[in-house]
Amino acid sequence: MAATVFYLDDVPQPGGVAVLDGPEGRHAATVRRIRVGEPITLSDGRGVVAESEVVAAQKDRLELAVLDRRIAVPAAPPVTVVQALPKSDRSELAVELMTEAGADLIVPWQAARCIANWEGKAAKGVEKWRAAARAAARQSRRAYIPEVTQVRRTREVAELVRATVADGGVVAALHESGAGRFAALPFGTAARVVLIVGPEGGLDDAEVATFAEAGATAALLGPTVLRTSTAAAVALGALGALTSRW
C-alpha cells in the first residue's frame, strides 16, 4: 500500500473518479496538505483497496482518478478481542494498539472488576472506540477496519465462547494464573480465535469458571503481568507468529 490511506464508503472502479470530502477530505487536503499529482490509497474499510492519484484539490475536498482496484485477502484465522473496559485514560489506547496489531472484531466487555462503568453512556463509549479503531486502521494502512460491537455482559461473552468452540475455534482467556501456556493452544488449526482480556484487577473466579464451562482455556500469555490496555496487542503479535496471519 502507499504511505497514505483514506477511507470511502464506496470506492469506484478503475477509470472512475472518487471524491474525498467530509472529515476524510478535510484531513487529507487541510491537515496533510495533499496536492494534485500525489498518490493516495483508498479503501472502504471492508477489504476493497484502490490506488489513485489526486486530480483536483480544494480546501476540504479532493478528487482522485482511480487507477486500479482489488480485494485484500483477510488474515486467517480471524481474531475477536473481548476487551474488559479499561480506565478512561487508557480506554482508546487499548483499541488503537489492538487495531494496529490486527484485531478483526472488538467486543467491549463490562467485567466484574472493571473500574470503568459504561452504564448510561455505552453508546458514547462505543462511538469513541469505533473512531479510535478507524484512526488506528488508517495509521497502520489496513484494508479492514475492525468492527466494534455494543458493550457485552459476561453472559453474552460466554455465549460467544460457546459459539466459537462449536465452530472449531479456540478461545483463550488471558489470566496470570492460567494453567495452560498461550503458545501451546492449537491456534494453527483454529477456524477462528477469541481472546478474552480482563480488567486491571484481572478476571474474577466466577468469570474464569463461566468461560471455562463454555469452552475457553485460561492461558498464561508470558512471564510478565501486562496492563489490560496492552495485553491484546501482545497476544495478537504472538498469534501472528503462531499462525499464518503474518
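Structure shown above.
Here is what the cut-offs are and how they apply
- Residues numbered from 1 in each chain as written.
- Predicted model: local features only at pLDDT ≥ 70, side-chain atom pairs only at ≥ 80, totals over all residues.
- Heavy atoms only, no water.
- Helix = DSSP H or I, 4+ residues; strand = E, 2+ residues; numbered from the N terminus.
- Rg over C-alpha atoms; globule rule 2.2 N^0.38 Å.
- Buried < 20%, exposed > 50% of the residue type's maximum accessible area, 1.4 Å probe, protein only.
- Contact = heavy atoms within 4.5 Å.
- Areas by Shrake-Rupley, 256 points an atom, 1.4 Å probe, with all protein chains shown as cover.
- Lys, Arg positive; Asp, Glu negative; His and termini not counted.
- Charge placed at Lys NZ, Arg CZ, Asp CG, Glu CD.
- Phe/Tyr/Trp six-rings, centres within 6.5 Å; stacked < 30°, edge-to-face > 60°.
- Arc of directions from axis to C-beta.
- Polar contact = N/O pair within 3.5 Å; in protein donor to acceptor, adjacent residues only side chain to side chain.
- Pairing = 2+ DSSP bridges.
- Axes fitted to C-alpha atoms, helices over the stretch in contact; angles between N-to-C directions.
- Salt bridge = Lys/Arg side-chain N within 4 Å of Asp/Glu carboxyl O.

Observations concerning the overall build of the protein
- When you go through the protein residue by residue, the secondary structure sums to six helices and 12 strands.
- Against the globule reference of 18 Å for 246 residues, the protein gives a C-alpha radius of gyration of 20 Å, in line with a compact fold.
- Burial statistics for the protein: of 246 residues in total, 45% are counted as buried.
- Long-range contacts, defined here as pairs at least 24 residues apart, represent 72% of the contacts in the protein between residues at least 6 apart.
- Carbon and sulfur atoms provide 51% of the accessible area of the protein, an area that totals close to 11,700 Å².
- Counting 28 positive and 28 negative side-chain charges, the protein places the averaged centre of each group 3 Å from the other.

Overview of the packing of aromatic side chains
- One pass over the full model with this rule turns up three aromatic pairs.
- On the numbers, 4.8 Å between centres and 45° between planes, the contact of F182 with F187 is tilted.
- Looking at F182, the relative accessible area reads 2%, which means it is buried.

Examining helix α5 (residues 205-214)
- Residues E207, F211 and A214 constitute the buried set of α5. One face of α5 carries all of its buried residues, which in axial projection span an arc of 60°. Turned more than 90 degrees away from the buried face of α5, the exposed residues are D205 and E213.
- The backbone nitrogen of A206 lies 3.2 Å from a side-chain oxygen of the residue at the head of α5, namely D204.
- Just past α5, the residue G215 takes up positive phi, approximately 120°.

Here's the deal with the pairing of strand β9 (residues 170-174)
- Counting buried positions over the five residues of β9 gives five, a clear majority of the element.
- Burial along β9 is two-sided: the residues V170, A172 and L174 and V171 and A173 are all buried.
- The sheet contact formed by β9 and strand β11 (residues 193-197) spans five bridges and is parallel. Residue pairing in the sheet places A172 in a bridge with L195 of β11.

Side note on the side chain of T243
- Positionally, T243 belongs in the segment after α6 (228-242).
- When its relative accessible area of 12% is taken as the criterion, T243 is described as buried.
- Within the structure, the side chain of T243 is placed 2.7 Å from the backbone oxygen of L239, a separation counted as a polar contact.
- Here the side chain of T243 touches R245 through a polar contact of 3.2 Å, landing on its backbone nitrogen.
- Apart from residues lying up to four places away in sequence, T243 is in contact with A76, P77, F187 and G188.

Observations concerning the sheet that holds strand β4 (residues 48-58)
- Read across the open sheet, the five strands follow the order β1-β3-β4-β5-β2; overall the sheet is mixed. Across the chains shown, the open sheet's two edge strands, defined by having one partner strand only, are β1 (5-7) and β2 (17-20). On average, each strand axis in the sheet is tilted by 40° relative to the strand beside it, whichever way the strands run.
- Bridge count between strand β3 (residues 39-43) and β4: five bridges; the pairing is antiparallel. When the bridges of β4 are listed, S43 appears paired with V49.

Details of the environment of C114
- Tracing the backbone through its elements, the reader meets C114 in the loop between β7 (105-109) and α3 (122-139).
- Taking the C-alpha atoms as reference points, C114 and L85, separated by 29 residues in sequence, lie 6.1 Å from one another.
- Apart from residues no more than four positions distant in its own chain, C114 is found in contact with A84, L85, W109 and P199.

Brief notes about the pattern of salt bridges
- A full pass over the atoms with the stated rule returns 11 salt bridges.
- A salt bridge links E24 to R138; the nearest nitrogen and oxygen atoms lie 2.0 Å apart. In this pair, E24 sits in helix α1 (residues 22-31) while R138 sits in helix α3, placing the two residues 114 residues apart along the sequence.
- D104 is the salt-bridge partner of R245, the closest N and O atoms lying 3.1 Å from each other. With R245 in the segment after α6 and D104 in the loop between α2 (88-101) and β7, this residue pair connects regions lying 141 residues apart in the sequence.

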